Amino acid sequence: MPEAARPLIVSQILAVLLLAGALALGIVYEARVGVLMVIGAALGMALYHAAFGFTAAWRVFISERRGRGLRAQMVMLAIAVLLFFPALGAGTLFGREVTGFVAPIGVSVVVGAFLFGIGMQLGGGCASGTLFTAGGGNARMMVTLLFFIVGSVIGSAHFGWWMALPAFRPTSLVHEFGAGGGILVSLTLFAVIAMVTVVMEKRRHGQLEEAPRVNLLGQRWLVGPWPLLAGAVALALLNFATLALAGRPWGITSAFALWGAKGYELLGGDVSAWGYWQSPGNAAALRASVWSDITTVMNVGIILGAMMAATLAGRFAPSFRIPLGSLVAAVIGGLMLGYGARLAFGCNIGAYFSGIASGSLHGWVWLVAGFAGNMLGVKLRPLFFSGGPSQPARVKGS
């Protein structure tokens, strides 16, 4: 087999596996479940090809005051609220009832998001970043993912205690100000954040960093790379597609808790008495097949999509040589990511992206606390990594 043809053949095999899995899920459960697996794969490809990471974007801004990644996140959020708020205000989308991720604001959110932020910098990725870089062949991120799952289980065990701490009621901008008012408030905040990054970047460097020019004509959509803004648009649109099909926004980490809990039960443990698994939805997920869980299905899709993207780009080459310091950071970071996500009602996707897209004030609190955690995490990185805090290679842009 010619060397040049191998990536195309491998990617075709992965595509067949994806479509076969989606078809099987559609037959056994509902057609929309199979479609959501394909949506997950599209998310994985977009994340990989655009190197759309939250961790590196925040690290580069904290350490170098380069804000291009943060501004791309604001574009993504702006598109999302423009799409989400009218649907959430109406309560239905294309005839399906839809609800957002709106959670209480309390001690658990602040502490959880802060721990998650530290874990982002030590683990080397966020929830989405861990999945797409692991799918792209990054062996270290597979370690982070494993301990992300372990941390999620521990967090679910302590969930009841944290929920007993003081908290304000769930608050939604859509419900408080209406769809139009909520959009206006949100867009104003996004613009303010973007302008702050512009001012700080110009103050440090004199001018804004120029984005690499990428021509997306022809096969470039398949082999990458994509501009950051293309990734921002794709993620917003695909999250909206998730809302339309699943009836709620994109989430990631609840599946990690579920996988870990099922694994723990296989070893003879029992999680059913833990507070997290007392809610009707979580209890039902624990009893059912893992393949009936939409978040699980989409996560598997993300991994397959990232694998296809990495293969098409000619970059799927796993290496299992991980320096000891980096390995220790992956273990600690993964545990903090998993534990923090359970406390904070989600991660950078479920709480930050989808929370803000849902109009939830807890998403904004998560952003502030999570960013503070990233600032500490950047300070801690030299203890584990020989390199500085600058942005890693493009395929590791999580």
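Below is a short write-up of the structure.

### Some words on the nonpolar core
And then number 1: The biggest cluster of nonpolar side chains holds 79 residues, and the ones touching the most others in it are F52, F116 and W250.
And then number 2: Tallying contributions element by element places helix α4 (residues 68-90) first for this core, with 12 residues.
And then number 3: L14, L18, L304 and M308 belong to the second-largest nonpolar core, a separate cluster that totals 10 residues.

### So, the environment of G333
And then number 1: Position of G333 relative to the elements: it lies in helix α14 (residues 324-343).
And then number 2: Residue classification places G333 among the buried positions, given a relative accessible area of 0%.
And then number 3: Sequence separation between G333 and N215 is 118 residues; the distance between their C-alpha atoms is 36 Å.
And then number 4: Setting aside anything within four residues of it in sequence, one finds G333 in contact with G119, L122 and G123.

### What about the side chain of S186?
And then number 1: In this fold, S186 is placed in helix α8 (residues 173-205).
And then number 2: With residues up to four places along the chain from it excluded, the contact list for S186 reads V81, F85 and L173.

### So, helix α11 (residues 253-266)
And then number 1: Its 14 residues give α11 an end-to-end C-alpha distance of 20 Å, which sits within 8% of 20 Å, the value for a rise of 1.5 Å per residue.
And then number 2: Those residues of α11 not exposed but buried are T253, A255, F256, A257, L258, G260 and A261.
And then number 3: Those residues of α11 that are buried lie in contact with α6 (127-135), α7 (139-163), α12 (280-287), α13 (294-312) and α14.
And then number 4: Backbone geometry just downstream of α11 places G268 in the positive-phi region, at approximately 105°.

### Re the packing of aromatic side chains
And then number 1: Under the criterion given, the structure shown has 20 aromatic pairs.
And then number 2: An angle of 85° between the planes, with centres 5.2 Å apart, marks the rings of F159 and Y276 as edge-to-face. Placement of F159 in helix α7 and of Y276 in the loop between α11 and α12 is noted, with a sequence separation of 117 residues between them.
And then number 3: On the basis of relative accessibility, which here comes to 7%, the residue Y276 falls in the buried class.
And then number 4: Taken together, a centroid distance of 6.1 Å and an interplanar angle of 5° make the contact between Y352 and W366 stacked. With a gap of 14 residues between them, Y352 in helix α15 (residues 348-357) and W366 in helix α16 (residues 361-380) connect regions that are remote in the sequence.
And then number 5: Taking the relative accessible area as the measure of exposure, Y352 reaches 0% and is therefore buried.
And then number 6: Each member of the aromatic cluster is reached from another via a ring pair, and the members are F52, F54, W58, F61, F116, F148, F256, W259, Y352, W366 and F371.
And then number 7: Sitting above the plane of the F61 ring, R65 keeps its charged end 5.9 Å from the centroid.
And then number 8: The positively charged end of R381 is found above the aromatic ring belonging to F385, 4.4 Å away from the centroid.

### What to know about the packing of helix α3 (residues 55-64) against α4
And then number 1: With their axes 7 Å apart at the nearest point, α3 and α4 run at an angle of 130° to one another. As summarised for this structure, α3 and α4 are arranged oblique, according to the angle between their axes. Only G69, L70 and Q73 of α4 make contact with α3, whose side of the interface consists of A57, W58 and F61.
And then number 2: Split into classes, the residues belonging to the contact of α3 with α4 amount to four nonpolar, two polar and no charged.

What counts, and at which threshold
- Residues numbered from 1 in each chain as written.
- Predicted model: local features only at pLDDT ≥ 70, side-chain atom pairs only at ≥ 80, totals over all residues.
- Heavy atoms only, no water.
- Core = buried A, V, L, I, M, F, W, Y, C linked by side-chain atoms within 4.5 Å.
- Buried < 20%, exposed > 50% of the residue type's maximum accessible area, 1.4 Å probe, protein only.
- Helix = DSSP H or I, 4+ residues; strand = E, 2+ residues; numbered from the N terminus.
- Contact = heavy atoms within 4.5 Å.
- Expected span 1.5 Å × (residues − 1).
- Phe/Tyr/Trp six-rings, centres within 6.5 Å; stacked < 30°, edge-to-face > 60°.
- Lys NZ or Arg CZ within 6 Å of the ring centre and 35° of its normal.
- Axes fitted to C-alpha atoms, helices over the stretch in contact; angles between N-to-C directions.
- Parallel < 35°, antiparallel > 145°, perpendicular 65-115°, else oblique.
- Nonpolar A, V, L, I, M, F, W, Y, C, P; charged D, E, K, R; others polar.

Interpretation in functional terms is not warranted from these geometric data alone.
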